[in-house]
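Summary of structural features
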Amino acid sequence: VFLTRTLPAHVPGLHCVHEPQGSRATLMLGNLRAVAGVGTGPLERRIAKGIADRFEATPRGQRYVEINPMLCSVADLLPDLVEPLHVVHLVRHPVGWVQSIRAFRASGFRRYLIDHVPFGNPAPTPRPPGWLGYDQTQKALWRWTACNEAIEALEPRCAAYTRIRYEDLFLA
């Protein structure tokens, strides 16, 4: 949320949103698409429509920036949906990220439920051997790795790609 407020203050004409409406649905559809491996056409069309709707809602004359970790499950689709694709990949140290995500409670009572909703959290596939025996911290670290790798894989297909360490951004 900090970046959502800060970026437009420093970059005129920027429309910046954090996890806009439909983000959780996009995440869940992307997870279902990855796990099911079938029916991806309709899922991909629904995902594409959701992303296109967000771009179309951008006020005229402004550039759209979406800060949205929930796009991790559909990262492979983004180059075909957004032209030109510019990615600023903000990466946080895995230990600090896991501590933060495990303590995060901004969604109130729904946060507990999200952990039990099928496809409600990033669900990269294929899962590693022994996944069902992983504790919550191990699962979070696996998600951190898989999601960051999915975003990094976009670099060759981006018009512009920059990777920034979270710790460096907030160092000063």
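Our subject in this report is the structure included herewith. Note that this is a predicted model, so its numbers are computed, not measured.

A word on the side chain of Glu66. With respect to the helices and strands, Glu66 occurs in strand E2 (residues 63–67). According to the relative accessible area criterion, Glu66 is buried, its value standing at 19%. Separated by 2.4 Å, the side chains of Glu66 and Tyr64 make a polar contact. At 2.7 Å, the side chain of Glu66 forms a polar contact with the side chain of Asn68. If we ignore the near neighbours within four places in the chain, the residues touching Glu66 are Val17, Pro20, Arg54 and Leu71.

This next bit is on the packing of aromatic side chains. Evaluated as defined, the whole model comprises two aromatic pairs. Judged by centre distance (4.5 Å) and plane angle (50 degrees), the ring pair of Phe55 and Tyr64 falls under tilted. For Tyr64, a relative accessible area of 14% gives the class buried. Taken together, a centroid distance of 5.6 Å and an interplanar angle of 45 degrees make the contact between Trp131 and Tyr134 tilted. A residue is classified by how much of its surface remains accessible, and Trp131, at 8% relative accessible area, is buried. Relative accessible area serves as the criterion here: at 25%, Tyr134 is assigned to the partly exposed category.

So, how was this worked out
- Residues numbered from 1 in each chain as written.
- Predicted model: local features only at pLDDT ≥ 70, side-chain atom pairs only at ≥ 80, totals over all residues.
- Heavy atoms only, no water.
- Helix = DSSP H or I, 4+ residues; strand = E, 2+ residues; numbered from the N terminus.
- Buried < 20%, exposed > 50% of the residue type's maximum accessible area, 1.4 Å probe, protein only.
- Polar contact = N/O pair within 3.5 Å; in protein donor to acceptor, adjacent residues only side chain to side chain.
- Contact = heavy atoms within 4.5 Å.
- Phe/Tyr/Trp six-rings, centres within 6.5 Å; stacked < 30°, edge-to-face > 60°.

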